[in-house]
Amino acid sequence: MTSPAAERSLADAAPTPYWLDDAARPDPTPQLAGPRHADLVVVGGGYLGLWSALLAVTREPGRDVLVLEADTCGHAASGRNGGFCEATLTHGLANGVTRWPEEMPELVSLGRANLDAIEETIATLGIDCDFVRSGALSVATAPHQVEELREERQVAAGVGQRLTLLDEAALRLRVASPRFGAALFDPDSAIVEPARLAWGLRAACLAAGVRVVERTRVLGLGREGQHVVLRTAAGTVTARQVVLATNAARPLLRRLRLMTVPVYDYALMTEPLSAEQRTAIGWDGREGISDRTNQFHYFRTTRDGRILWGGYDAIYHFGSRQRPGYEQRSETFEMLADHFFATFPALEGLRFTHRWGGVIDTCTRFTAFHGTAYDGQVAYALGFTGLGVGATRFAAEVALDQLAGLETERTRLRMVRERPLPFPPEPVRWAGIRATTWSLARADRDQGRQNLWLRAMDRLGLGFDS
Ligand SMILES: Cc1cc2nc3c(=O)[nH]c(=O)nc-3n(C[C@H](O)[C@H](O)[C@H](O)COP(=O)(O)OP(=O)(O)OC[C@H]3O[C@@H](n4cnc5c(N)ncnc54)[C@H](O)[C@@H]3O)c2cc1C
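First, a word on scope: everything that follows refers to the structure included in this document. Since the structure is predicted, the reported quantities are computational estimates derived from the model, not experimental observations.

This part is about the packing of helix 5 (residues 104–125) against helix 11 (residues 391–403). Where helix 5 contacts helix 11, the two axes come as close as 9 Å, and the packing angle between them is 100°. Taken together, helix 5 and helix 11 sit at an angle that is classed as roughly perpendicular. Taken together, the residues of helix 11 that come into contact with helix 5 (itself represented by Leu-110, Asn-114, Ala-117 and Ile-118) are Ala-391, Arg-393 and Phe-394. Classifying every residue of the contact of helix 5 with helix 11 gives five nonpolar, one polar and one charged.

Here is the structure:
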């Protein structure tokens, strides 16, 4: 049952992503005109596609690069996410340490360098996207999680990650909530305005001579002689090389169709807090925050003093179906609003101005995988599983290394060379995802204790703590 306070708070919320509801949103580019060939064609204009195009012309100035985007750049996940730009390339420490323990020190160091490079590019290009390297807090909301924080700090130190443990009193100096018991602070994390970052990268691509063509969906791939042929409704385009950066959309390569599932994630944005409301919760540091339950919330502030509050529900639809209508889900928004006021009771009366959802591309190892097709002429990366704001830039570097046939510190990684297990076909896929979601929620209610299903998933390398 939703509380009346939560219901009232949502009454005027616009059903659209806050970040895209911005006068700075650029007009779409003109349709495909000019030469129908490019040296490199990038399919998809989210972060992965835009970083791939920008880094391609940075590595080789003057290179003929064409981005084909089905809608407009940044309209999908890249323009509607939480804006947590984290250093991790493994979707967190625990996931990385259990899968690639011997590589973790290198992965941590490469992830930090990747975050540094994002920060430097934004500064050099002057992208106005409120990038703040404020660090991230991972907060315990149940007693058993406090012990986990201690263990995690120790594991992190062993792989070169500097985390600080804050007890309840120290944490209260940064942010006040009756639900928070302790936290780990990670300095290697930033927040950013997601759509502004995508639009800034798009502008940088255009300025560097990249052709960006929006509202042009690639319908299929093929090969003719030395060239890759991309089919669109406006005719075919040929390329010497291709980067596929289509994230949660149905993959153009058949071999990738069972490798990810689309999962809907939801968020709310509040109106700006008043000075009294800000004082009541005392959250001045702009840290990105998430809680440590399996079904976790993520929350951060904006430059004009709002709070973005998202996460918890992760909704999969049978048959991997995607529909624009799935981006709105009242029961999820009401539950999120209830959780928000339980976390910050001092903010009762605050209203939400925006509510939205988006699709994340979940894979069975929870972090992106990389590969090539067509004898190395096509490179792809997908499976970011909800943590791609930072990792997409690294993936773009990997894709360009692979297309150039280079062996680098990136392409040598086992993490980059290995593939995750595919998902099973329906109806087993749906049943498996349901069983996992149900078991994770139950573990949250039961001091983190895993049931038989989750332990079996872990043993197969398919669990979040595998
Ligand atoms: C609600 C939500 C919150 C999130 N929060 C965070 C967060 O706080 N931190 C974080 O790190 N990550 C977060 N993520 C995940 C993050 O946004 C993604 O991992 C990242 O944006 C992926 O970038 P991308 O370029 O691969 O995909 P996208 O941004 O989805 O771009 C793919 C593009 O490809 C285009 N496309 C697809 N098929 C075709 C085709 N056939 N032809 C032409 N174009 C095509 C699409 O139109 C789209 O624009 C969140 C995601 C969501 C949905």
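Next, the rest of the story.
This part covers empty space enclosed by the protein. Scanning the entire structure with this criterion turns up four cavities of 30 Å³ or more. Considered as a void within the structure, the largest cavity measures approximately 60 Å³ in volume. If you trace the largest cavity, you find it lined by Leu-244, Thr-246, Asn-247, Pro-251, Leu-252, Leu-256, Tyr-380, Ala-381 and Leu-382. Per-element tally for the lining of the largest cavity: the top contributor is strand 18 (residues 378–382), with three residues.

What follows covers the site of the ligand. Around the ligand, 36 residues are found, and the nearest of them are Glu-69, Ser-78, Phe-84, Val-218 and Val-389. Asn-81 is positioned such that a nitrogen or oxygen atom in its side chain is 3.2 Å from an oxygen atom of the ligand. Here Val-218 contributes a backbone N or O atom positioned 2.9 Å from a nitrogen atom of the ligand. Protein chains shield 96% of the accessible area of the ligand, which is 1000 Å² for the free molecule. Grouping the constituent residues of the shell around the ligand by class yields 17 nonpolar, 15 polar and four charged.

In this section: the environment of Val-359. Of note, Val-359 is situated in strand 16 (residues 352–362). Of the residues examined, Val-359 reaches a relative accessible area of 14% and is grouped as buried. Considering only alpha carbons, one finds Val-359 and Arg-80, 279 residues apart in sequence, at a separation of 9.6 Å.

Note that an α-helix has 3.6 residues per turn; residues three or four places apart therefore point the same way. With 13 residues, helix 11 extends 19 Å from end C-alpha to end C-alpha; this agrees with the ideal 18 Å at 1.5 Å per step. Most of helix 11 is tucked away, with 13 of its 13 residues classed as buried.

Turning our eyes to something else, we now look at the layout of surface pockets. If you add up the space inside the second largest pocket, you get close to 320 Å³. Around the second largest pocket, the lining residues are Gln-295, Tyr-312, Asp-313, Ala-314, Ile-315, Tyr-316, Trp-430, Ile-433, Arg-434, Thr-437, Trp-438 and Ala-441. Along the lines of polarity and charge, the residues of the lining of the second largest pocket split into eight nonpolar, two polar and two charged.

Calculation criteria
Residues numbered from 1 in each chain as written. Predicted model: local features only at pLDDT ≥ 70, side-chain atom pairs only at ≥ 80, totals over all residues. Heavy atoms only, no water. Axes fitted to C-alpha atoms, helices over the stretch in contact; angles between N-to-C directions. Helix = DSSP H or I, 4+ residues; strand = E, 2+ residues; numbered from the N terminus. Parallel < 35°, antiparallel > 145°, perpendicular 65-115°, else oblique. Contact = heavy atoms within 4.5 Å. Nonpolar A, V, L, I, M, F, W, Y, C, P; charged D, E, K, R; others polar. 1 Å grid on protein atoms, 1.4 Å probe; cavity = no way out; pocket = protein on both sides within 12 Å on 5 of 7 lines; lining within 4 Å. Points joined across faces, edges and corners; volume = space filled by probe spheres on them. Near = heavy atom within 4 Å. Polar contact = N/O pair within 3.5 Å; in protein donor to acceptor, adjacent residues only side chain to side chain. Areas by Shrake-Rupley, 256 points an atom, 1.4 Å probe, with all protein chains shown as cover. Buried < 20%, exposed > 50% of the residue type's maximum accessible area, 1.4 Å probe, protein only. Expected span 1.5 Å × (residues − 1).

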